[in-house]
Every structure is written in C-alpha cells, then in structure tokens.
Amino acid sequence: MDFGDVSVRGLDDESRQFALLIGSVTDYAIYMLDPNGVIRSWNPGGERIKGYTDREIVGQHFSRFYTPEDIVRGEPQRGLEAARTQGKFESEGWRLRKDGTRFRASVVIDPIWQDGELIGFAKVTRDVTERYEAMLRLQAAQKALAQSQKLEAIGKLTLGLAHDFNNLLTVIVNSLDLIGLKNTQDARTLEWIEAAQRAADRGTLLTRQLLAFARGQNLAPEPHDINDLLSRSSELYRRACGASIRFEFDLADDAPPLEVDAAQFEAAVLNLVANSRDAMMPGGGTITVRTRRTKCTRPEAPDEGDREYVVVEVIDDGSGMSSEVAERAAEPFFTTKEIGKGSGLGLSQVFGFAAQSGGFVLLQSEPGQGTQVRIHLPAQLAPGGDAANGERTDV
C-alpha cells in the first residue's frame with residue numbers, strides 16, 4: 001500500500017477506503033515505521049509538512065527528522081521504546097524539514113501488534129509552529145503586563161513616600177539655613193551644618209529619583225534631535241566611564257525627532273552608562289550608545305498595534321545579570337552592589353522617565369555576556385501623522 005499516490009488496486013473495499021482516507025489527509029504526516037524505525041509508508045501530509053516525496057523518504061530511518069541535539073540524546077529510540085512498552089508515546093519538540101528549517105511538531109507514536117508480535121509503529125506528526133509561537137507571544141505579553149502592574153503598584157507606594165519625604169526635607173533644609181544664619185561666627189557649628197546640608201541635598205536627589213520612577217516628576221518635553229542631544233553630553237558620558245573603559249557612539253542617520261525632557265534624558269543615559277561602567281570594573285571594556293528607529297508594539301499591550309519609536313541603546317560587555325536579577329532591576333532600592341556603592345535608583349529613574357515620556361524600556365542581559373538596555377521613546381509625528389517611514393526592526 002502506497003499512501004503517497006494512493007495505489008489501491010487489488011485491495012478490498014475496507015482497505016481501499018482506508019487508503020483513500022490516509023491519502024487525502026494533508027494537515028497531518030501519517031506514516032508507518034518498521035520495528036527499527038525505518039519508514040515504510042508516506043502520505044501527502046508528510047510531503048507538505050516535511051518536504052520529502054514518498055520516493056525520497058520511504059526506506060529511510062525516521063531519525064532524520066530530528067535535530068542533531070535530539071539524536072545525540074537518543075530521542076528517536078526513546079520514543080519507539082516508550083510506545084512499545086507503554087502503548088503510546090506523545091511529545092512536542094523541534095523537527096527538521098528537507099530544506100533544513102525547523103518546525104514545532106506534535107508527535108504521536110502507536111505500536112502495531114499482530115498475533116503478539118510487534119510489526120511496526122504508526123506515527124502521526126502535526127505542525128504546531130504557529131500555535132507554539134502564538135503561545136510564546138502570549139506568555140511574553142502576560143509576563144510584561146504582570147511586571148508592569150507590579151512596577152505600577154510599587155510606583156504608587158513610592159510616590160506617596162517620596163512626597164512625604166520631600167516635605168520633611170523641606171523643613172530640615174529651611175531649619176538648617178536659619179541655624180546657619182544665627183551661628184555665622186561658630187566654625188564648628190557651621191561645619192556640622194554644612195555636613196547636614198550635604199546629606200539633605202543627597203536626600204533631595206534621592207527624592208527626585210523616586211519621583212521619576214513613580215512618574216511624579218514634572219517633565220518639560222521639547223522637540224529634540226536625539227543625536228544632537230547625545231552629542232552635547234558626550235564629554236559627560238566619557239568622564240563617567242573612566243580611563244579604563246572605551247566609550248563610543250553608533251548614531252543612526254535616519255532617527256526622527258522626538259519630544260523629550262532634555263535634563264531627564266541626560267540623567268537616564270548617564271545612569272545607564274554608570275551602571276555599565278560598574279559592571280566592567282576593574283577590568284575595563286567598551287560601552288556603546290546607539291540610536292536607531294523602529295516600529296513595534298508595547299510589550300504589555302500587543303493589541304495596541306505598531307507605532308514609531310526612537311530607540312536609545314546602552315550596550316556593554318561587562319559581567320551581565322542573571323534572569324532573576326534582570327527581572328528586579330527596575331525596582332527602587334534593588335541593587336547588587338556593595339553597601340554604599342549605589343542606591344538602587346538608577347534603573348528605576350530610567351524606567352520611570354521612559355514610561356512618563358510615553359515609551360518603555362527593554363533590558364537584555366546574560367551572565368558573562370554583557371547588558372543591553374533599550375529606551376524606546378515615541379517619535380514625533382510629522383505633518384500628516386507619519387514619523388519618518390522606517391522599516392520595522394526587531395525589538
């Protein structure tokens with residue numbers, strides 16, 4: 001019986017109907033294996049999904065559909081043995097087409113017994129790549145939404161604390177000013193007052209960073225060319241890197257203009273550069289600030305559709321982060337640095353600034369592979385409602 005071209009002459013009615021049924025199925029690869037896994041029959045679904053004609057594949061071992069890593073692990077043999085001993089084997093994994101491309105396969109293997117003797121296996125394969133990729137996109141969106149909701153909840157708490165803390169600092173700073181005016185002749189008292197004022201100034205800076213994370217900072221966005229904005233602050237970024245670290249720009253020529261608070265933008269990039277510098281000390285390395293344009297959707301709201309963004313990336317080849325650390329990196333006061341080496345508010349300010357500017361931040365990092373932080377800021381629309389017509393790029 002040849003399911004490929006449905007040769008049914010010489011068969012009884014029941015066998016003929018079965019052969020016609022199998023020969024008409026194109027959404028599933030349905031074929032028979034001998035007890036050793038050699039392919040004995042092939043249907044049109046197998047050719048459509050895997051690319052082989054029946055003449056090319058009948059007589060070949062079915063392991064040729066498996067990836068090299070699965071073959072090394074003995075997955076083909078394990079599937080046949082499980083089907084033989086357990087009565088059925090079901091799995092999902094990556095398989096190879098004739099042209100070498102991979103697809104996600106849902107596989108079922110059933111043993112075929114005759115008079116107590118195993119005479120082969122019936123194997124059914126379905127291409128579920130589209131479903132699998134849709135599931136991954138949904139999981140990513142759910143994860144991004146959960147992270148966004150978590151940061152929003154933390155942000156509301158932080159906003160209230162920051163305002164209360166700011167009120168307390170205002171009283172402290174005003175009181176220190178009055179005490180200083182009345183004790184201008186006492187050098188020792190003035191020294192204490194100056195130390196207290198420096199601490200209060202540090203507290204004020206922390207409050208501003210908290211407000212930035214909680215989206216409570218008053219921004220003053222203005223139209224800017226992002227490359228000009230970065231170039232004007234280039235010396236500041238270079239000084240922040242130190243002598244052992246190479247700093248470079250990779251600025252796109254076609255980056256459209258955007259509306260942004262210049263001071264907060266500079267602070268955000270400076271925070272990222274400082275974090276990259278700390279991740280590469282003391283051995284040194286390279287920090288790259290890159291700009292580009294892209295069309296994409298917000299990770300937590302894929303249904304909103306694409307829009308035009310200007311992306312500012314800060315890339316380093318430092319120590320990187322684990323996935324657990326990367327997930328918490330935007331939380332205020334979370335830091336992996338030693339006590340006194342960082343407040344844990346740098347990335348919080350970056351995430352808050354991006355969100356308040358209508359954008360978002362993506363962070364990609366692996367231990368030993370460096371870190372890439374991408375600030376997505378909405379491009380300013382030109383007359384007619386279109387930013388510059390750019391090609392979509394991966395985010």
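Residues numbered from 1 in each chain as written. Predicted model: local features only at pLDDT ≥ 70, side-chain atom pairs only at ≥ 80, totals over all residues. Heavy atoms only, no water.

Q: An account of the overall build of the protein is requested, with residue identities and associated values reported.
A: A tally of regular secondary structure across the protein gives 12 helices and 11 strands. The buried share of the protein, reckoned over its 395 residues, is 41%. When contacts within the protein are restricted to residue pairs at least 6 apart in sequence, long-range pairs at least 24 apart make up 60% of them. Total accessible area computed for the protein in this model is approximately 21,700 Å², and 50% of it derives from carbon and sulfur atoms. (Helix = DSSP H or I, 4+ residues; strand = E, 2+ residues; numbered from the N terminus. Buried < 20%, exposed > 50% of the residue type's maximum accessible area, 1.4 Å probe, protein only. Contact = heavy atoms within 4.5 Å. Areas by Shrake-Rupley, 256 points an atom, 1.4 Å probe, with all protein chains shown as cover.)

Q: Give a detailed account of the sheet that holds strand E9 (residues 307-316), specifying residues and quantitative values.
A: The strand order across the open sheet formed by five strands is E6-E8-E9-E11-E10, and the pairing between neighbours is mixed. On the outer flanks of this sheet lie strand E6 (245-250) and strand E10 (360-365), each paired with one strand and no other. Taking the axes of each pair of neighbouring strands and ignoring which way they run, one obtains an average angle of 20° across the sheet. Judged from the 10 bridges that link them, strand E8 (residues 285-296) and E9 form a sheet pairing that is antiparallel. By the bridge assignment for E9, Thr 294 is matched with Tyr 309. Packed on one face of the sheet, helix H9 (residues 234-241) meets E6 and E8 and runs near 150° to E6. (Pairing = 2+ DSSP bridges. Axes fitted to C-alpha atoms, helices over the stretch in contact; angles between N-to-C directions.)

Q: For the packing of H9 against helix H10 (residues 262-280), give the residues involved together with the corresponding values.
A: Remark: H9 packs on H10, axes separated minimally by 9 Å, with the N-to-C direction vectors making an angle of 25°. Considering their axes alone, H9 and H10 lie roughly parallel with respect to each other. Viewed along their axes, H9 and H10 form a crossing whose handedness is right-handed. Counting all contacts with H9, which are made through Leu 236, Tyr 237, Ala 240 and Cys 241, the residues of H10 involved are Glu 266, Val 269, Leu 270, Val 273 and Arg 277. Residue classes in the contact of H9 with H10 are distributed as seven nonpolar, no polar and two charged. (Parallel < 35°, antiparallel > 145°, perpendicular 65-115°, else oblique. Left-handed = near helix turned anticlockwise from the far one by under 90°. Nonpolar A, V, L, I, M, F, W, Y, C, P; charged D, E, K, R; others polar.)

Q: Which residues make up the sheet that holds strand E2 (residues 89-96), and what are the values?
A: Taken in spatial order, the four strands make up an open sheet running E1-E4-E3-E2, and their pairing is antiparallel. Across the chains shown, the open sheet's two edge strands, defined by having one partner strand only, are strand E1 (28-33) and E2. Strand-to-strand, the axes of this sheet are offset by a mean angle of 25°, without reference to chain direction. Two elements, E2 and strand E3 (residues 102-114), share eight bridges in a ladder whose sense is antiparallel. Looking at E3, one finds that Ser 91 is bridged to Val 107. This element, helix H5 (residues 75-86), spans E1, E2, E3 and strand E4 (117-127) of the sheet and lies at about 40° to E3.

Q: Mind laying out a nonpolar patch on the surface, listing which residues take part and the relevant values?
A: A surface patch of nonpolar side chains, about 280 Å² in accessible area, is lined by Phe 165, Leu 168 and Ile 172. Its location among the elements puts Phe 165 in helix H6 (residues 129-182). (Patch = residues over 30% accessible without salt bridge, like charges linked within 9 Å, V, L, I, M, F, W, Y side chains within 5 Å. Salt bridge = Lys/Arg side-chain N within 4 Å of Asp/Glu carboxyl O.)

Q: Which residues make up H5, and what are the values?
A: Taking 1.5 Å per residue, 12 residues should reach 16 Å; H5 reaches 16 Å between its end C-alpha atoms and fits that length. Every buried residue belonging to H5 is among Glu 75, Pro 76, Gly 79, Leu 80, Ala 82 and Ala 83, and all of these are buried. Seen along its axis, H5 keeps its buried residues to an arc of 160°; they face one direction. In this structure, the buried residues of H5 make contact with E1, helix H4 (68-72), E2, E3 and E4. Just past H5, the residue Gly 87 takes up positive phi, approximately 90°. (Expected span 1.5 Å × (residues − 1). Arc of directions from axis to C-beta.)

Q: Can you tell me about unusual backbone geometry, naming the residues and giving the values?
A: Of note in the backbone geometry, Asp 115 takes a positive phi value of approximately 55° without being a glycine. Assignment of secondary structure puts Asp 115 in the loop between E3 and E4.

Q: Describe the side chain of Thr 129, with residues and values.
A: The residue Thr 129 is located in helix H6 in this model. With sequence-adjacent residues up to four places away left out, Thr 129 is seen in contact with Phe 103 and Arg 104.

Q: Explain the packing of aromatic side chains residue by residue, including any values.
A: Here the structure, examined in full by the defined rule, presents 10 aromatic pairs. Between Tyr 237 and Phe 247, the aromatic rings sit 6.2 Å apart at their centres with planes inclined by 45°, giving tilted as the arrangement. On the criterion of sequence distance, the pair formed by Tyr 237 in helix H9 and Phe 247 in strand E6 is long-range, its members being 10 residues apart. Here Tyr 237 falls in the buried class, since its relative accessible area comes to 0%. Judged by its relative accessible area of 8%, Phe 247 falls in the buried class. Grouped by ring-pair contacts, the aromatic residues Tyr 31, Trp 42, Tyr 52 and Phe 65 constitute a single cluster. Across from the ring centre of Phe 65, 3.6 Å away, lies the NZ or CZ of Lys 50, which sits over that ring. Over the ring of Tyr 66 we find Arg 95, and its NZ or CZ is 3.9 Å from the ring centre. (Phe/Tyr/Trp six-rings, centres within 6.5 Å; stacked < 30°, edge-to-face > 60°. Lys NZ or Arg CZ within 6 Å of the ring centre and 35° of its normal.)

Everything listed here is a matter of coordinates, which is why it stays silent on function.
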